[in-house]
Each structure stands twice: as C-alpha cells, then as structure tokens.
Amino acid sequence: MEASVVDAPLTLSVFVCPDGHRTLALGSTPTVCKHRLSRSKGYCGKDVVALSEAPADVQQKMLNPLKASKKASKK
C-alpha cells in the first residue's frame, strides 16, 4: 500500500453572510450560506463573502449577535 503525498496543505477559510452566519470551507470557496435554523427549514441561501472582506456590521453580527441586535434596535 502506497502512502499518498499531499502537494499543498489545505487551508480553512471563514465566510459570512449578511445575517452573520458563518460558513467554513476547507480548500474551496462557497457561493451561498448553508446555515439552517432547523431541519424542517431550508438553507439561508444568501451570498457569502470572506470574513476579512465583510463590512464591520456583518462582522459584529457574527462575533456577538445579541449585542448587534441590541444596537440595531436602538437606531
């Protein structure tokens, strides 16, 4: 049995949708959010962007959703 050789290590990338849902990808780039609230409901389906390129409000929703919702209700 031969051992397989990996040319390059796989990297884990984090993507977020406008609602703050995280999508993780190992060596690929997803196009839509795969977050599900429950088994009976469908996927979120919104476009995702890399965490480093996401707007500040989206990053805030992802890091602390309760704080972000309180801020939005005060506006």
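Residues numbered from 1 in each chain as written. Predicted model: local features only at pLDDT ≥ 70, side-chain atom pairs only at ≥ 80, totals over all residues. Heavy atoms only, no water.

*Asks:* Before we move on, can you summarise the packing of aromatic side chains with the specific residues and values?
*Replies:* The full count for this structure, using the stated rule, is zero aromatic pairs. Positioned over the ring face of Tyr43 is Lys34, at 5.3 Å from the centre of the ring. Above the face of the Tyr43 ring, Arg36 is positioned so that its terminal group lies 4.8 Å from the ring centre. (Phe/Tyr/Trp six-rings, centres within 6.5 Å; stacked < 30°, edge-to-face > 60°. Lys NZ or Arg CZ within 6 Å of the ring centre and 35° of its normal.)

*Asks:* Explain a nonpolar patch on the surface residue by residue, including any values.
*Replies:* Judged by side-chain polarity, Leu10, Leu12, Leu24 and Leu26 come together as a nonpolar surface patch covering roughly 450 Å² of accessible area. As for its position among the elements, Leu26 is in strand 2 (residues 22-26). (Patch = residues over 30% accessible without salt bridge, like charges linked within 9 Å, V, L, I, M, F, W, Y side chains within 5 Å. Areas by Shrake-Rupley, 256 points an atom, 1.4 Å probe, with all protein chains shown as cover. Salt bridge = Lys/Arg side-chain N within 4 Å of Asp/Glu carboxyl O. Helix = DSSP H or I, 4+ residues; strand = E, 2+ residues; numbered from the N terminus.)

*Asks:* Describe the sheet that holds strand 3 (residues 49-50), with residues and values.
*Replies:* Reading across the sheet, the three strands line up as 2-1-3 and stay open at both edges, with antiparallel pairing between neighbours. This sheet does not close on itself; its edge strands, each paired only once, are strand 2 and strand 3. Relative to strand 2, strand 1 (residues 12-16) runs antiparallel, the two sharing five bridges. Looking at strand 2, one finds that Val14 is bridged to Leu24. (Pairing = 2+ DSSP bridges.)

*Asks:* Could you give an account of the side chain of His21, with specific residues and numbers?
*Replies:* With respect to the helices and strands, the residue His21 is situated in the loop between strand 1 and strand 2. Sequence-distant contacts of His21, defined by excluding residues within four places in its chain, comprise Phe15, Val16, Cys33, His35 and Cys44. (Contact = heavy atoms within 4.5 Å.)

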